[in-house]
Amino acid sequence: MYLLLAAHADGAAIQRVSPAGKATADARVVSASELPDVVHELEAQRPRWVWLRTQDWYPALLAAGVELERCHDLALCGAILAHSEFTAHTNYALNAEKLTQDDGSQPPRALQPPAPPAEQGALFEDPGPRQAQAGLEELRTEFAAQQHALVQAPADKQKRLQLLLAAESATAMIAAEMQHSGVPWREQLHEEILAGHLGPRPPAGHRPAKLEALCAELRSILKSPNLNPDSPQDLMRALHRNGIEVKSTRQWELQESSHPVIEPLLAYKKLSRLHTANGWAWLDTWVRDGRFRPEYVVGGVVSGRWASRGGGALQIPRNIRGAVHADPGHKLIVADASQLEPRVLVALAQDTKMAEAARGKDLYAGIAAQGFGGDRAKAKIALLGAIYGATTGESGRLMPQLARTYPRAVGFVEQAARDGEAGRTVTSRLGRSSPPPSQGWLRSQRSTTAEEQRRADSLARSRGRFTRNFVVQGSAADWASCWLAELRRRLRTLRAEGSPSGELVFFLHDEVMVHAPDDAVDACIRAIEESANAAKELLFGAIPVEFPVSIAVVDSYDKAK
DNA sequence: GCTCTTTGCGCG
DNA sequence: AAAGCGCGCAAAGAGC
């Protein structure tokens, strides 16, 4: 059963529709204030809520204490259907293409423009003149068009695409739920870490004591009393004056030199990073009442990975993970899909030889034993190089060796690279396709002069590396979305049964964090493992490739891994 | 003054 | 540790 939820002048409008998007009942207009109660009541029928964007509705419902089971996010699903190779022949995709000027990366139809940053709590109020909300009829038309496009996909692809749309919509709900619950974060512990590294909190706009001391030391060693070590240009000039001939001020390049300034300089850079990116200002801005509440952007990456907005949620550095701490009587369960991308490649390419190597917990060790004389480091470099498209360095040199042992796996990514170089799109396992080449790229490929030709070849190879990586990263993102959606379902089931259960609080590409009361830990671990297995079967069926999950039960995040 | 780009580094 | 993929963010630098 599908229930459409659309903005309306008097609040919201709700209408029951068929799977094909036909209205099967009259619309019902509900005021903003009574919406949570009405939605909660209707949820008993276990509908799939169809709305333009999850973040327009769900955060405020959660704030009102209403959790929902499933939805269809028209904006996210529309973006997938407009570009998927599986529906490229449909009117839906063709119309979307007509409406986009350049690279086709914009969402289709009425779904533009994309979301403004959503202010929690303001969502049921007047959306303002900035953007007219799509009405019920518009949404119904859009939903019908999407459902029609879906059934036109080739029979063997339709199930996958349907799964992708469901998983994408589920993760949109999960992102809202995670933002609602927040990551358990102890301000006190964070401040202790900062004080330990940087000294006491300085007045706003000032360097902390330890940074100030290092800065003075750098100025003295480099005989540059006005040096600003935060300015790459200034720093580079000072280094050159002292005979340190670097081309940039990057860490790894500075490490080449043995000059006495290097050690304090690297120490300065490290501490400066901590201060500016995750210091007191960050803590004040992003952590409230023991929770870090970042904004996740589902579908924010072309490959299907999440992005985030504000707070650097997907870049929590290792040195402050100690501040992520479970509540009393609770644990953090941190689960990581081991070597996800290589394993996804094995499954995509159906490389039986590499599947043998992946039988054990450590895939790289297995590959090392089969073709690299037991040298695990070499095997890892070679395999990652194949996925990323390395051409030079050790990684590039190891490619022929890897290709001899695993022609199917290497052939699979090579094909994706050739597709990209030729301007074709590539597609993830469940049907998310890479963006088509831009007009500028296509123009470059028709260039004539030798100089232009060299540039065009370089652009073509660059696109090849992108599409090569896309098929693996995108399919890994497919897997992770299914893992997450399955896990959410199991945690909800536990709760519905009245059993102890945990709460999803963080997700990072191939890693999830569940915050759970002590007595729920075992059940949560089982749910995480079952979900990983379910995700594999959903994507690939019953194939002999394992997707092992490593799980740590800890009090604080720094104790995981 | 303001906005946009570049540099460098954090994460997977 | 790498130089090959995908991101976000802070501060400096460049341009209007």
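For clarity, every value in this text was computed on a predicted model and none was experimentally measured. (Residues numbered from 1 in each chain as written. Chains lettered and ligands numbered in written order. Predicted model: local features only at pLDDT ≥ 70, side-chain atom pairs only at ≥ 80, totals over all residues. Heavy atoms only, no water.)

Engineer: Help me out: how do you make sense of the UniProt feature "domain: DNA-directed DNA polymerase family A palm" (unreviewed entry) in chain A in this one?
Structural biologist: Listed under "domain: DNA-directed DNA polymerase family A palm" (unreviewed entry) in the UniProt record, and renumbered for this structure, are residues 317–520. Taken end to end, residues 317–520 comprises 59% helix and 10% strand; its first and last C-alpha atoms sit 28 Å apart. (UniProt positions renumbered as here; feature names shortened; annotations may be inferred. Helix = DSSP H or I, 4+ residues; strand = E, 2+ residues; numbered from the N terminus.)

Engineer: Sorry if this is basic, but what is going on with the confidence of the model for chain A here?
Structural biologist: In low-pLDDT segments, the atomic positions of the prediction should not be examined closely. Looking at chain A, pLDDT values average 91 and 94% of them are 70 or higher. Taken together, the stretch residues 101–132 has pLDDT below 50 and engages in 58 contacts with residues farther than four places along the chain or on a different chain. (pLDDT = per-residue confidence, 0-100. Contact = heavy atoms within 4.5 Å.)

Engineer: Would you mind showing me how to read the pairing of strand β13 (residues 511–517) here?
Structural biologist: In regular strands, side chains alternate between the two faces of the sheet. Burial analysis of β13 places six of its seven residues in the buried class, the great majority of the element. Note: strand β11 (residues 330–337) against β13, seven bridges, orientation antiparallel. The residue bridging I333 from the neighbouring strand is V514, located in β13. Direction of pairing for strand β12 (residues 503–507) relative to β13: antiparallel, over a ladder of four bridges. Across the sheet, the residue bridging to F506 is M513, located in β13. The hairpin turn running from β12 into β13, its antiparallel successor, is three residues long, and H509 in that turn takes a positive phi close to 65°. (Buried < 20%, exposed > 50% of the residue type's maximum accessible area, 1.4 Å probe, protein only. Pairing = 2+ DSSP bridges.)

Engineer: Where do I start with the packing of aromatic side chains in this structure?
Structural biologist: Where two aromatic rings form a pair, the distance of their centres and the angle of their planes describe that pair. Taken as a whole, this structure holds twelve aromatic pairs when the rule is applied. Ring geometry for W185 versus F292: centroids 5.4 Å apart, planes at 70°, classification edge-to-face. A residue pair is termed long-range when its members are at least 10 positions apart, and W185 in the loop between β6 (183–184) and α7 (187–198) and F292 in strand β8 (residues 291–292) qualify at 107 residues. The same class applies to W185 as to F292, namely buried. Connected via pairs of aromatic rings, a cluster forms that spans W479, W483, F540 and F547. Across from the ring centre of W441, 5.4 Å away, lies the NZ or CZ of R463, which sits over that ring. (Phe/Tyr/Trp six-rings, centres within 6.5 Å; stacked < 30°, edge-to-face > 60°. Lys NZ or Arg CZ within 6 Å of the ring centre and 35° of its normal.)

Engineer: For this particular structure, what's the right way to read the side chain of H72?
Structural biologist: Among the secondary structure elements, H72 is positioned in strand β5 (residues 71–73). By relative accessible area, H72 is classed as buried at 5%. Here the side chain of H72 touches Q146 through a polar contact of 2.8 Å, side chain to side chain. Excluding residues that lie within four positions of it along the chain, H72 makes contacts with R48, W49, V50, W51, C77, F143, Q146, Q147 and S169. (Polar contact = N/O pair within 3.5 Å; in protein donor to acceptor, adjacent residues only side chain to side chain.)

Engineer: Help me understand helix α11 (residues 262–278) in this model?
Structural biologist: Helical geometry: 3.6 residues make up each α-helical turn, so side chains three or four residues apart lie on a common side. Over its 17 residues, α11 extends 24 Å from the first C-alpha to the last, a length consistent with the 24 Å expected when each residue adds 1.5 Å. The complete set of buried residues in α11 reads I262, P264, L265, L266, Y268, L271, S272, L274 and N278. The inward-facing, buried residues of α11 abut α7, α8 (209–221), α9 (232–241), α10 (251–254) and α12 (280–286). (Expected span 1.5 Å × (residues − 1).)

Engineer: Would you take a moment to explain the protein's contact with DNA strand C for this structure?
Structural biologist: Near DNA strand C lie 25 residues; those nearest to it are S231, W252, G310, I381 and F466. At 2.4 Å, a side-chain N or O of S231 approaches a phosphate oxygen of DNA strand C. Here a base nitrogen of DNA strand C and a side-chain polar atom of Q315 are 2.9 Å apart. Residue assignment for the surface near DNA strand C shows that the elements contributing at least two residues are α11, β10 (307–309), α16 (376–388) and α20 (450–496). Here the surface near DNA strand C takes four residues from α20, the largest share from any one element. (Near = heavy atom within 4 Å.)

Engineer: It is not clear to me how the nonpolar core should be interpreted in this structure. Could you clarify?
Structural biologist: One recurring pattern in soluble globular proteins: nonpolar side chains tend to sit buried together. Membership of the largest hydrophobic core comes to 134 residues, with the highest contact counts inside it found for W185, W306 and W479. Of all the elements, α20 adds the most residues to this core, at twelve residues. (Core = buried A, V, L, I, M, F, W, Y, C linked by side-chain atoms within 4.5 Å.)

Engineer: Help me understand the environment of A93, please; the structure alone is not making it clear to me.
Structural biologist: With respect to the helices and strands, A93 occurs in helix α4 (residues 91–99). Each residue touching A93, except ones within four places of it in the same chain, is listed here: L81, A82, T87 and A88.

Engineer: Which parts of the structure should I look at to understand the protein's contact with DNA strand B?
Structural biologist: Around DNA strand B, the surrounding shell holds 20 residues, and the nearest of these are T249, R273, Q315, R318 and D510. Within 4 Å of the protein, the contacting atoms of DNA strand B are drawn from sugar and phosphate to the extent of 80%. A total of three residues in the surface near DNA strand B trace back to one element, the largest contributor, which is α11. Looking at the surface near DNA strand B, its residues break down into five nonpolar, six polar and nine charged. (Nonpolar A, V, L, I, M, F, W, Y, C, P; charged D, E, K, R; others polar.)

Engineer: Explanation requested: the pattern of salt bridges in the structure shown.
Structural biologist: Pairing between side chains becomes possible if they bear opposite charge and their charged atoms approach one another. Applying the stated criterion across every chain yields a total of 23 salt bridges. Where D327 meets R291, a salt bridge forms, and the shortest distance between an N and an O atom there is 2.7 Å. Of the two residues, D327 sits in the loop between β10 and β11 while R291 sits in strand β8, which places them 36 residues apart along the sequence. The exposure class assigned to D327 is partly exposed, which follows from its relative accessible area of 23%. For R454, the salt bridge is made with E451, and the minimal N-O distance between the two is 3.3 Å. With R454 and E451 both in helix α20 and three residues apart, the pair spans about one turn of that helix. Across this residue pair, the class does not change: R454 and E451 are exposed. If you follow the salt bridges from partner to partner, you end up with E486, R489, R490 and E530 in one network. (Salt bridge = Lys/Arg side-chain N within 4 Å of Asp/Glu carboxyl O.)

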